[in-house]
Amino acid sequence: MLTAINARPSSSFNGQMVATGILFLINPLLGLVLALLVVLNSPNDYSANRREILLFAVTAAAWISLVNITKTITGDQVVYTRMFINVPVNGLHGTVFDSWGGSGKEPFYSFITWLLYYLTGGSVRLFYFDLSFAMYVLHFLAAYKVARKIDAPKYSLICGILVLTFFTQYFVMTLQLVRQMLAAGVVIYAIACRAEDGKNHWCWLVAAVLIHTSSAYLALLSLVPWFYSWLTPKRWAIVLACFVPVVVFSSAIGNALGGSTGVSALDYGLSMYGNETYSDGGFISIGIMAMVFVPLTLSVIVSLVSYRKAISSDNTEEIDVQRAILPISYMALFLMLFVLMFSKAPLIQYRFFYYSYSFIPLLIPLLIRKRPEAGFYCFVASAFFIVRFFVMHQSSAWDYAPTLDLFVQPITYYFTGDFSPYYFM
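Conventions adopted
Here the residue numbers are simple positions, counted from 1 along each chain's written sequence. For this predicted model, a pLDDT threshold of at least 70 governs which residues receive local features, and a threshold of 80 or more governs which side-chain atom pairs are given and counted, while totals over whole chains, interfaces and linings are taken from all residues. In computing side-chain values, all of the structure's heavy atoms are included and hydrogens and water are not. The nonpolar core is taken to be a set of buried Ala, Val, Leu, Ile, Met, Phe, Trp, Tyr and Cys residues, with the residues joined through side-chain atoms within 4.5 Å. For every residue, the accessible area obtained with a 1.4 Å probe (protein chains only) is divided by the maximum for its type, and the residue is called buried under 20%, exposed over 50%, and partly exposed between those limits. Helix and strand assignments follow DSSP, with helices taken as H or I runs no shorter than four residues and strands as E runs no shorter than two, numbered in order from the N terminus. Here a residue-residue contact requires only that any non-hydrogen atoms of the pair lie within 4.5 Å. The axes are straight lines fitted to the C-alpha atoms, using for helices just the contacting stretch, and the angles between their N-to-C directions are given from 0 to 180°. Oblique is the label for any angle not under 35 degrees, not over 145, and not in the 65 to 115 range, which are roughly parallel, roughly antiparallel and roughly perpendicular in turn. Charged means Asp, Glu, Lys or Arg here, nonpolar means Ala, Val, Leu, Ile, Met, Phe, Trp, Tyr, Cys or Pro, and polar covers whatever is left, Gly included. Only the six-membered ring of Trp is used, alongside the rings of Phe and Tyr, when aromatic pairs are assigned; centres must lie within 6.5 Å, and planes under 30 degrees apart are stacked while those over 60 apart are edge-to-face, with the rest tilted. Look at NZ for Lys and CZ for Arg. If either is within 6 Å of the ring centre and within 35 degrees of the ring normal, a charge sits over the ring. Note: the arc covers the axis-to-C-beta directions of the helix. What pLDDT reports is the predictor's confidence in each residue, on a scale of 0 through 100. In a helix, the anticipated span is given by 1.5 Å times the number of residues less one. Polar contacts, as used here, are pairs of N or O atoms within 3.5 Å; protein pairs need one atom able to donate a hydrogen and one able to accept it. Residues neighboring in sequence count only if both atoms are side-chain atoms. We define a salt bridge as a side-chain nitrogen of Lys or Arg found within 4 Å of a carboxyl oxygen belonging to Asp or Glu. Think of a patch as exposed residues, more than 30% relative accessible area, with no salt bridge, where like charges cluster within 9 Å and nonpolar side chains (Val, Leu, Ile, Met, Phe, Trp, Tyr) cluster within 5 Å. Only the protein chains shown count as cover for residues, and all accessible areas are computed by the Shrake-Rupley method using a 1.4 Å probe.

### As for the nonpolar core
Turning to step 1, where the next piece is worked out: Judged by nonpolar contacts, the single largest core of 141 residues is most densely connected at Trp63, Tyr128, Leu131, Tyr357 and Phe359.
Turning to step 2, where the next piece is worked out: Ranked by the residues each element gives to this core, the list is headed by helix α7 (residues 124–150), at 16 residues.
Turning to step 3, where the next piece is worked out: Apart from the residues lying within four places of it in its own chain, the contact partners of tyrosine 128 are Ile69, Ile73, Gln77, Tyr80, Thr81, Leu175 and Val178.

Listed below in structure tokens is the structure:
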């Protein structure tokens, strides 16, 4: 009898998974809706709803990645595409070490490009689908690890996944800043793993830096031991004394060290760090910055206040919960300070600003975690970004498949549709 009772939930989930998969093939958006309904009807206990959450996370990452591969290939993506289709000509060594003008910078991304060429049979669309899927699913898995560790309400995690999935400003840059966005997913996953088990996950941290050098900033922040406990005024003073000069004297530091280390990736990162006048035309509007920074800052404040309250009340359980989110709050705070202080260098500012999106699924859903209106807040936030995504879909800087097609087309449409006259085959 006990075996039969334990078998029924597994059988039920298998049926839900098969139904979601079949519906996803017929209509990916409806498949995502079904996955959302499955996770909403799952138990609130993370030990019991793991499969439903992972099904939803994977489905959400797959759906947004299908939309992503309908993007017109322009700008930096042309470079990534040419690098991919030239893999058979350049071979493993040429792709990994001779790319980027022979600098060999960020070789792990180049290796991923070489590997995916053969795993995808040279399909450009599958290549970008895999990269986009990895970016999103790593963020979702990071959010899951943190939510499970702090026992956040299920709807908070669902909200975090939905908000990042449908955050237009993040979405439109994922295949434009491919290396940086992939590195962001890797480093935020490493940070979440540290929050879960208290150990540095060196392989993930190193991989992130070798995908995009700028991720070294978050990787280094994750290694600051004081971020894993309360920062006293003295520690704040010491950290800021180390932090502020790095920003203020960035040009001198970059010019002094860039090209002198003998490590191509490091030399490249330092030279870009020191070149305040370089720009690729990108910038961050005050409105978009405020849309991300204001709720993140409020979330950080709530986290710090909650930790102090837990310490004051000697609530051991709450202390453990807040200690897991504390370093993530500090890292988000110092990232925002870094971005705000780099108004003198627009390229550095807007490139690092995009790392702030990675903290959205980790922090924003916890803004009012314990209040009665938390469920309503998560519903409104999710609905707002979903509606906003579809309303803005045709008005972004890049061209994608028409909005109506996202509601009615089967999965084959995304791999066979003629979306761009500049598409490389």
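### What about the packing of helix α4 (residues 76–85) against helix α5 (residues 87–97)?
Turning to step 1, where the next piece is worked out: Relative orientation of the contacting elements α4 and α5 amounts to 95°, with a least axis distance of 7 Å. Judged by the inter-axis angle, α4 sits roughly perpendicular to α5. Residues Met83, Phe84 and Ile85 of α4 lie in contact with α5, whose contacting residues are Val87, Pro88 and Thr95.
Turning to step 2, where the next piece is worked out: Classifying every residue of the contact of α4 with α5 by side-chain character gives five nonpolar, one polar and no charged.

### Some thoughts on the packing of aromatic side chains
Turning to step 1, where the next piece is worked out: In the structure shown here, the tally under the stated rule is 44 aromatic pairs.
Turning to step 2, where the next piece is worked out: Relative to tyrosine 109, the ring of tyrosine 80 has its centre 5.6 Å away and its plane inclined at 70°; by these criteria the two rings are edge-to-face. Here tyrosine 109 lies in helix α6 (residues 107–119) and tyrosine 80 lies in helix α4, a separation of 29 residues in the sequence. There is no split in this pair, since tyrosine 80 and tyrosine 109 are both buried.
Turning to step 3, where the next piece is worked out: Members of the aromatic cluster, joined through ring pairs, are Tyr136, Phe140, Phe167, Tyr170, Phe293, Tyr350, Phe353, Tyr354, Tyr357, Phe384 and Phe385.
Turning to step 4, where the next piece is worked out: Across the ring face of tyrosine 228, the terminal group of arginine 194 is positioned such that the distance to the ring centre comes to 3.7 Å.
Turning to step 5, where the next piece is worked out: The ring of tryptophan 230 has arginine 308 sitting right over it, with the charged end atom 4.9 Å from the ring centre.

### Let's talk about α4
Within an α-helix, residues lying three or four positions from one another point in the same direction, as the helix has 3.6 residues per turn.
Turning to step 1, where the next piece is worked out: Restricting attention to buried positions, one finds in α4 the residues Gln77, Tyr80, Thr81, Met83 and Phe84. Buried residues in α4, looked at end-on, bunch into an arc of 160°, giving them a common side.
Turning to step 2, where the next piece is worked out: Structurally, α4 contributes buried residues whose contacts are with α5, α6, α7 and α10 (178–197).

### A closer look at the environment of arginine 179
Turning to step 1, where the next piece is worked out: Within the secondary structure, arginine 179 is located in helix α10.
Turning to step 2, where the next piece is worked out: Under the relative-accessibility criterion, arginine 179 is labelled buried at 8%.
Turning to step 3, where the next piece is worked out: Between the alpha carbons of arginine 179 and leucine 210 there is a distance of 9.5 Å; along the sequence they are 31 residues apart.
Turning to step 4, where the next piece is worked out: Once residues lying within four places of it in the same chain are set aside, the contact partners of arginine 179 are Tyr80, Trp100, Lys105, Glu106, Tyr109, Ile211 and His212.

### Description of the confidence of the model for the chain
Turning to step 1, where the next piece is worked out: Scored by pLDDT, the chain has a mean of 85; 86% of the residues are at 70 or more.
Turning to step 2, where the next piece is worked out: Within the model, the stretch residues 1–8 combines pLDDT values under 50 with zero contacts to residues more than four positions away or in other chains.
Turning to step 3, where the next piece is worked out: Counting contacts from residues 421–425, a segment whose pLDDT is below 50, to residues more than four positions away or on other chains yields eleven contacts.

### Quick look at α6
Turning to step 1, where the next piece is worked out: The first and last C-alpha atoms of α6 sit 18 Å apart over 13 residues, in line with the 18 Å expected at 1.5 Å per residue.
Turning to step 2, where the next piece is worked out: Residues of α6 that are buried: Tyr109, Ser110, Ile112, Thr113, Leu116 and Tyr117. For α6, the buried positions fall inside an angular range of 155° around the axis, keeping them on one side.
Turning to step 3, where the next piece is worked out: As for α6, its buried residues are in contact with α4, α5, α7, α10 and α11 (202–211).
Turning to step 4, where the next piece is worked out: Immediately downstream of α6, the backbone of glycine 121 shows phi near 65°, a positive value.

### Some remarks on the environment of alanine 219
Turning to step 1, where the next piece is worked out: Tracing the backbone shows alanine 219 in helix α12 (residues 216–221).
Turning to step 2, where the next piece is worked out: For alanine 219, the residues in contact, after removing those within four places along its chain, are Val187, Leu205 and Val209.

### Quick look at unusual backbone geometry
Trans peptide bonds make up most of the peptide bonds, and negative phi angles are found at most residues other than glycine.
Turning to step 1, where the next piece is worked out: One non-glycine residue, aspartate 151, lies in the positive phi region at around 55°.
Turning to step 2, where the next piece is worked out: Mapped onto the secondary structure, aspartate 151 falls in the loop between α7 and α8 (154–165).
Turning to step 3, where the next piece is worked out: The exposure class assigned to aspartate 151 is exposed, which follows from its relative accessible area of 55%.

### Describing the side chain of serine 156
Turning to step 1, where the next piece is worked out: One can find serine 156 in helix α8.
Turning to step 2, where the next piece is worked out: Its relative accessible area of 2% is what places serine 156 among the buried residues.
Turning to step 3, where the next piece is worked out: The residues contacting serine 156, other than those within four sequence positions of it, are Pro365 and Cys378.

### Overview of the side chain of glutamate 106
Turning to step 1, where the next piece is worked out: Summarising the element assignment, glutamate 106 is placed in the loop between α5 and α6.
Turning to step 2, where the next piece is worked out: Classification of glutamate 106 as buried rests on a relative accessible area of 0%.
Turning to step 3, where the next piece is worked out: A polar atom in the side chain of glutamate 106 sits 2.9 Å from the side chain of threonine 213.

### Points about the pattern of salt bridges
Turning to step 1, where the next piece is worked out: Overall, the coordinates contain four salt bridges when judged by the stated rule.
Turning to step 2, where the next piece is worked out: Between glutamate 106 and arginine 179 there is a salt bridge whose closest N-O contact spans 2.0 Å. Highlighted residues: glutamate 106 in the loop between α5 and α6 and arginine 179 in helix α10, separated in sequence by 73 residues.
Turning to step 3, where the next piece is worked out: A salt bridge links arginine 148 to glutamate 196, with the nearest nitrogen and oxygen atoms 2.3 Å apart.

### Here's the deal with the environment of alanine 142
Turning to step 1, where the next piece is worked out: In this fold, alanine 142 is placed in helix α7.
Turning to step 2, where the next piece is worked out: Considering only alpha carbons, one finds alanine 142 and valine 186, 44 residues apart in sequence, at a separation of 9.3 Å.
Turning to step 3, where the next piece is worked out: Ignoring any residue separated from it by four or fewer positions in sequence, one finds alanine 142 in contact with Ile188, Tyr189, Ala192 and Leu362.

### Points about a nonpolar patch on the surface
Turning to step 1, where the next piece is worked out: Nonpolar side chains collect at one region of the surface, where Leu92, Phe108, Phe111, Leu115, Leu119, Trp202, Val206, Leu210, Leu220 and Leu223 lie side by side and expose about 880 Å² of accessible area between them.
Turning to step 2, where the next piece is worked out: Taken together, the elements giving at least two residues each to the nonpolar patch come down to α6 and α11.
Turning to step 3, where the next piece is worked out: If you tally residues by element for the nonpolar patch, the top one is α6, at four residues.

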